[in-house]
Amino acid sequence: MTETRQNITITAPILIIEDDSGFAELIASTLRDEGLSSYCAGNGREALEWLDNSSTSLIILDYTLPDMTGASFIEQLKGLGDPPPFIMVTGRDDASLAVRMMKTGACDYLLKDTTFLDRLPTVVVRALHEAETRERLKQAELSLHQSEARLVRAQKIAGMGSWEWDIRSGEIYWSDELYRIFGLVPGTPEKISVEWVFAVINPADLPAFKKAIFKSVKNCQPFNIIYRIDSRRDGEIVVNSQGEVEPDENGKARLVSGTTLDITDRIKAESEIRQLINYDTLTGLPNRNLLHDRLKLAIAQSAREQHLMAVLILDLDRFKRINDTLGHRAGDKLLLAVAQRLSACVRDSDTLARLGGGEFVILQTNVGHEAANSTVAQKILAILAEPVYVDGHEIYTTGSIGIAVYPMDGEDGHALLKHADLAMYQAKEQDRNNVQFFSREMNIKVLERMMLENSMRKAIEREEFFLMYQPQVDARSGQIVGMEALLRWNHPDLGVLAPDKFIYLAEESGMIIPLGEWVIREACRQNKNWQEQGFPPLRVAVNLSGRQFSQQRLDEAVAAILMETGLEPEWLELELTESILMKNVEANIQLLRKLKEMGVSLSIDDFGTGYSSISYLKHFPISRLKIDRYFVRDITTNPDDAAIAEIIIAMAQALKLNVTAEGVETRAQMEFLSFHNCIEMQGYLFSRPLRADDFTQLMRDGVRI
Ligand code: C2E
Ligand code: MG
Ligand code: MG
């Protein structure tokens, strides 16, 4: 790179094409004096060859070359791409030639006369200057073009258009992307007026739009507005325009310019998110989240206006079963139908929400007196009673409703919902398809129950459970022939609890499975222990609950316990009630057979209270019936009970089953039963249930009748 005295920078030498080598040398030395390097070529061909590998800042070209004219040299050069700037040198002073040469793109032309060398530096420097300026302009144009293209691309990606509004002339410029946002072909309409813009804005948003723009123009302040446009694209488009105002020398708005961003998708996504957060996807009803918000508002309003407010929780009875038997799709359709029916029974000012599963909540604000709520609840039960048709099935649903009323039943949303929930469970427990109001006693009962349930979970580990044993006696000889293991819970706070206080809870919570296994294991272990102590072997009877019996692989659990404790299966008897047996007859027969094959015997407890038909009885592999103690109680005074007891005994004999009478308390009862051929008995007459140690003593002493 060289720099001339006149501050010209050239990046490549000047190419001199001149066949007169002496003259060429003169030119070169003149340029050298100016600080410019050069290269000389004697003819066109040589020059072209040199240009193949080199570049030049400027060509000084003799018009008449030995192998071609200057014009044809330039032609050839143009064929290779953009030619460098050049100055023509000619020996003839010919005006038309000069014009032609300038037309070919020459920067200048010089006559070979006596002043040639004097004029040469000025002409060269000017040509170089012009070339440099041209090059800069070209680069500037290129980068402008590139940045414009980048802007267009960026606007397109962002869905953002830009605009300018010249306030005085009223002219509005729109970028191509802005046209696209408005659903228009870029450039049409060519002229955009303020009125035209107003016309495409959604009329509902127009006043706010105008207000924002005019205020901004008046005060020369920026603005930022969101509005809808009635786009010719697909429906409603939501945009966000931001603009700035440029003031003139007097401080008055001259130009407003800014961007407009298409935010339709964002708004849609935001509203979808809001929908997801606050609404149930299946029914479109408010969900738990929104319900809590509404509760808060409703409580505040009720407190302010001193009104009552009711929270109703409705749970569809046996919804899970419908889901399990007909499938989730049918369950969903049912929920939709119920949601529709419920919507029809609530006032617009009330909130109907779905909590999940078959559970709905209705918030009733401004209720006059509590009775009014029960009418709504009754109405709900009535409309639920109408069958729903789903996939060809006629489904009858019922619901249980619990109601809590603000402010009596709770001061905040959580308390109200919890109490309505308790009331709902109470309604379910009583007799489904019913309505219950929350009451304080209910709360206490439920709290107790919850505490009991929690402490039960820890009770097995803490060894709070124990078994008592009640002998079963041969009434003729007074011999102990067996015993029944009866569960007790030594509760740390409540003392010793009988099974009726906690078995139902264990069943509901599923605790009955581990607890029931513990009972079987403990009874087997104790029985084996007595045998090992040398007492004559006895049969131990263990009670099974329904949930335990329907448990998968009960037979395997029993087999494992027998293995573990080493008790022979013949010394274990399992007691089942009739209702358990009749629940799932086919599966039960299978399970009972397996147990029987193992050598375990089976008896039916509390016989006579259930509804088992004799024909079924034949199919069950059972070996014993236990006459319920309620028949035994009045056996000597009530002829009906006496008749039932007689029939049971006769039936057992006919079916070749053993029979044991329970709850024998008096000698008279014993004698009646003996007379009718019932030999085995159990009851306070012989012994109350005893702890293991006392039972050991009883076996030593024998029972006294
Ligand atoms: P159940 O199997 O009919 O047990 C007999 C119940 O009658 C026992 O009550 C026993 O104490 C009581 N009893 C015995 N002789 C007399 C008598 O002469 N007069 C009167 N009035 N009652 C007598 P308990 O121990 O309170 O058990 C109640 C019920 O709890 C049992 O009735 C049984 O169904 C259930 N149960 C007991 N232990 C268990 C167990 O380990 N698992 C399960 N699932 N249930 C059990
Ligand atoms: Mg029993
Ligand atoms: Mg019984």
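As a starting point, this report considers the structure included with it.

Here is what the cut-offs are and how they apply
Residues numbered from 1 in each chain as written. Chains lettered and ligands numbered in written order. Predicted model: local features only at pLDDT ≥ 70, side-chain atom pairs only at ≥ 80, totals over all residues. Heavy atoms only, no water. Donors = N, O, S within 2.8 Å, 3.2 Å for Na, K, Ca; no water. Buried < 20%, exposed > 50% of the residue type's maximum accessible area, 1.4 Å probe, protein only. Near = heavy atom within 4 Å. Polar contact = N/O pair within 3.5 Å; in protein donor to acceptor, adjacent residues only side chain to side chain. Areas by Shrake-Rupley, 256 points an atom, 1.4 Å probe, with all protein chains shown as cover. 1 Å grid on protein atoms, 1.4 Å probe; cavity = no way out; pocket = protein on both sides within 12 Å on 5 of 7 lines; lining within 4 Å. Sits in = over half its atoms within 2 Å of the grid points. Helix = DSSP H or I, 4+ residues; strand = E, 2+ residues; numbered from the N terminus. Phe/Tyr/Trp six-rings, centres within 6.5 Å; stacked < 30°, edge-to-face > 60°. Lys NZ or Arg CZ within 6 Å of the ring centre and 35° of its normal.

**Observations concerning the coordination of the magnesium ion (ligand 2)**
Part 1: At this site the magnesium ion (ligand 2) is bound by Glu484 (OE), Asn543 (OD1), Glu575 (OE) and Asp605 (OD), with donor distances of 2.0 to 2.3 Å.
Part 2: Counting residues between consecutive donors of the magnesium ion (ligand 2) along the chain gives the motif E-x58-N-x31-E-x29-D.
Part 3: On the accessibility criterion, Glu484 (3% relative accessible area) is buried.

**A word on the site of ligand 1**
Part 1: In the neighbourhood of ligand 1, 22 residues make up the surrounding shell, with Asn543, Asp605, Arg629, Glu665 and Tyr684 lying closest.
Part 2: A distance of 2.9 Å separates a nitrogen atom of ligand 1 from a polar atom in the side chain of Gln470.
Part 3: One of the side-chain nitrogen or oxygen atoms of Asp606 is found 3.1 Å away from an oxygen atom of ligand 1.
Part 4: In the complex, 83% of the free accessible area of ligand 1, which totals 790 Å², lies under the protein chains.
Part 5: When atoms are counted within 2 Å of each cavity's grid points, the one that captures over half of ligand 1 is the largest pocket.
Part 6: When residues of the shell around ligand 1 are traced back to their parent elements, those giving at least two are strand S21 (479-491) and strand S25 (601-607).

**As for the packing of aromatic side chains**
Part 1: According to the stated counting rule, one finds 16 aromatic pairs in the structure shown.
Part 2: Here Phe209 and Tyr227 contribute two aromatic rings whose centre-to-centre distance is 4.6 Å and whose plane-to-plane angle is 65 degrees, an arrangement assigned as edge-to-face. Residue Phe209 is found in helix H8 (residues 206-219), and its partner Tyr227 is found in strand S10 (residues 223-230); the two are separated by 18 residues along the sequence.
Part 3: Seen in terms of ring centroids, Tyr469 and Trp530 are 5.1 Å apart; in terms of plane orientation they differ by 80 degrees. Their pairing is edge-to-face. Of this pair, Tyr469 sits in strand S20 (residues 465-474) while Trp530 sits in helix H17 (residues 512-532), placing them 61 residues apart in sequence. Both residues of the pair, Tyr469 and Trp530, belong to the buried class.
Part 4: Connected via pairs of aromatic rings, a cluster forms that spans Trp174, Tyr179, Phe182 and Trp196.
Part 5: For Arg688, the ring lying beneath its charged end belongs to Tyr684, and the centroid distance is 3.9 Å.
Part 6: One residue, Arg691, lies across the ring of Phe466, its end atom 4.2 Å from the ring centre.

Take it as geometry only, folks, not as evidence of what the structure does.
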